[in-house]
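The lines below spell out each chain.
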Amino acid sequence: MDMVREQMQVLNALDVAKTQWYHFTAIIIAGMGFFTDAYDLFCISLVTKLLGRIYYHVDGSGKPGSLPPNVSAAVNGVALCGTLAGQLFFGWLGDKMGRKRVYGLTLMLMVICSVCSGLSFGSTPKAVMATLCFFRFWLGFGIGGDYPLSATIMSEYANKKTRGAFIAAVFAMQGFGILAGGIFAIIVSSAFKAKFDAPPYEVDAIGSTVPEADYAWRIILIFGAFPAALTYYWRMKMPETARYTALVAKNAKQAASDMSKVLQVDIEAEPQKVEEEGKSAYGFFSKEFVSRHGVHLIGTASTWFLLDIAFYSQNLFQKDIFSAIGWIPPAKTMNAIDEVYKIARAQTLIALCSTVPGYWFTVALIDRMGRFSIQLTGFFFMTVFMFALAIPYDHWTHKDNRIGFVLMYSLTFFFANFGPNATTFVVPAEIFPARFRSTCHGISAATGKAGAIVGAFGFLYLAQSKDKAKTDAGYPPGIGVKNALLILGVVNFLGLLLTFLVPESKGKSLEELSGETQDSNEQENDNV
């Protein structure tokens, strides 16, 4: 039996393997990076309010201190920039060195930088913000590496029947990260509130922020490191994925023995034979790659880019929505710790009601409905709800219509998660050849993060009121929330159109999707 058949035998055994306990441990081990990712991105929005009160208090001001726009953008955005760089770098490295060798590195980076960002030091506000931004960039870099590696590892371990659900479940760990972030912030702020009581800002401006509040945000940030650190040992024990070992490292015997250990399947492989490089060994920058996979890569990258513009712009409207429906009273009526508690409670409720269920709907239905249908449906409803929020925007601003506004807003993000937010993560891990899989996923994810940067910052400026008197402190006038929502509706509609560039991958083996079986057969014929 020649080498090509050995490879196919190993891969076929993986495709038909029954779902086993090991698959579930792999979801938890791979998902912990996303847990940390979501925890961190979620917590920073709670912490920025507190940082503003502690470090940017202005004596005699009627409102509590807040971060200047450039500092706020840096603290929130530097992790996104780090993530973009990490996705490209570790995506490439995962194909060059193997998934497993790089996997522990990204986790250690996340753990160390989570702890360091909580220990940000300095005697002036500028110094504290600078060290916080430095460590958050490298935290983002580690998180970025987790995107292509976790998706690729899970897709290469899974069988073809439930592969979509497994990759989506890894991504859905973000939902638990968001909940954990909210719940832990509620616990910390409640404990501080009970121990260090303080008057509201309007009663005593300086006394409303107790000195101990400086510990609260640090504890919240550091806690994100623990769940990730707990899975480090198991990450190191995971064998290299069989598809990488067989198709990229060309060692079918090793792949068979690795998979026999973890998946309780007996896989036979004949003694190793050296394979001659055949026609299939085209490079990433070759015409062959462009003609086979170029359109797919444009499809996965552009849909992720457009989705993240809409998805990350939600942060803009969250605080307005919470204030509008009365979940969060005006800042001056609360003390610093109370504000953290109220915002954490409101965000946790939104997460519980719309964000988390959306992820798990995808996990349950992705292998029945298929990736294409879920992505198309998600973009369609996101477009509908964005326009429904934007066109009668003045109607929604009236007090009596607030609940309707929140409902529409929640549905938009339910369909983002039961839709393109999950599928844009799943598909790039399935449709490219093994030797480029991690790189292509990294490129798609990094393009998505570029969209996130546009969504989080471009829209922060765009959504400002046209009237200079009504803009947030330090911002120039923008086009207003109504027009910003209209633009987001158009962005979602473009996402719907570009979904047609992405192939359906339900129920097919990874090798069928990437054309590797066809390559191997051609090679086998050449060798005969």
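Predicted model, so just to flag it, every value in this text is computed and none were measured.

Student: Outline the overall build of the protein chain, supporting the account with residue identities and numerical values.
Tutor: Each helix and strand in the protein chain was counted, giving 21 helices and 0 strands. Sequence-distant contacts, at least 24 apart, represent 82% of the contacts inside the protein chain between residues at least 6 apart. If you sum the accessible surface of the protein chain, you get close to 21,000 Å²; carbon and sulfur atoms cover 67% of it.

Student: I'd like to hear about the nonpolar core, residue by residue, with values.
Tutor: Leu51, Met129, Tyr147, Trp217, Ile220, Met238 and Phe425 are the most contacted members of the largest nonpolar core, which has 131 residues in total. At 18 residues, helix H2 (residues 21-55) tops the list of elements feeding residues into this core. Ignoring anything within four residues of it in the chain, the contact list for isoleucine 220 reads Tyr39, Cys43, Phe184, Ala185, Val188 and Val340. The next biggest cluster of nonpolar side chains, apart from the first, holds 11 residues, and it includes Phe289, Val427, Phe436 and Leu513.

Student: Hey, could you go over the packing of helix H13 (residues 336-369) against helix H14 (residues 371-390) for me, with residue numbers and the actual values?
Tutor: At a closest axis distance of 7 Å, the pairing of H13 and H14 adopts a crossing angle of 120°. The pairing of H13 with H14 is recorded here as oblique in orientation. Here Thr362, Leu365, Ile366, Asp367 and Met369 of H13 come into contact with H14, specifically with Arg371, Ser373, Ile374 and Thr377. Looking at the contact of H13 with H14, its residues break down into 4 nonpolar, 3 polar and 2 charged.

Student: Requested: an account of the confidence of the model for the protein chain, with residues and values cited.
Tutor: Predicted confidence across the protein chain gives a mean pLDDT of 84, with 89% of residues reaching 70 or more. The model gives residues 270-279 a pLDDT under 50, and that stretch makes 24 contacts with residues more than four places away or in other chains.

Student: Account for the pattern of salt bridges, with residues named and values stated.
Tutor: Counting across every chain of the model gives 13 salt bridges. Where aspartate 95 meets arginine 99, a salt bridge forms, and the shortest distance between an N and an O atom there is 2.7 Å. Owing to a relative accessible area of 6%, aspartate 95 belongs among the buried residues under this scheme. For arginine 99, a relative accessible area of 0% gives the class buried. Residue lysine 193 is joined to aspartate 338 by a salt bridge in which the shortest nitrogen-to-oxygen separation is 3.2 Å. Of this pair, lysine 193 sits in helix H6 (residues 163-195) while aspartate 338 sits in helix H13, and the two are 145 residues apart along the sequence. Classification of lysine 193 as partly exposed rests on a relative accessible area of 26%. The exposure class assigned to aspartate 338 is buried, which follows from its relative accessible area of 15%. One network of salt bridges, with partners in common, ties together Asp95, Arg99, Glu156 and Arg437.

Here is what the cut-offs are and how they apply
Residues numbered from 1 in each chain as written. Predicted model: local features only at pLDDT ≥ 70, side-chain atom pairs only at ≥ 80, totals over all residues. Heavy atoms only, no water. Helix = DSSP H or I, 4+ residues; strand = E, 2+ residues; numbered from the N terminus. Contact = heavy atoms within 4.5 Å. Areas by Shrake-Rupley, 256 points an atom, 1.4 Å probe, with all protein chains shown as cover. Core = buried A, V, L, I, M, F, W, Y, C linked by side-chain atoms within 4.5 Å. Buried < 20%, exposed > 50% of the residue type's maximum accessible area, 1.4 Å probe, protein only. Axes fitted to C-alpha atoms, helices over the stretch in contact; angles between N-to-C directions. Parallel < 35°, antiparallel > 145°, perpendicular 65-115°, else oblique. Nonpolar A, V, L, I, M, F, W, Y, C, P; charged D, E, K, R; others polar. pLDDT = per-residue confidence, 0-100. Salt bridge = Lys/Arg side-chain N within 4 Å of Asp/Glu carboxyl O.

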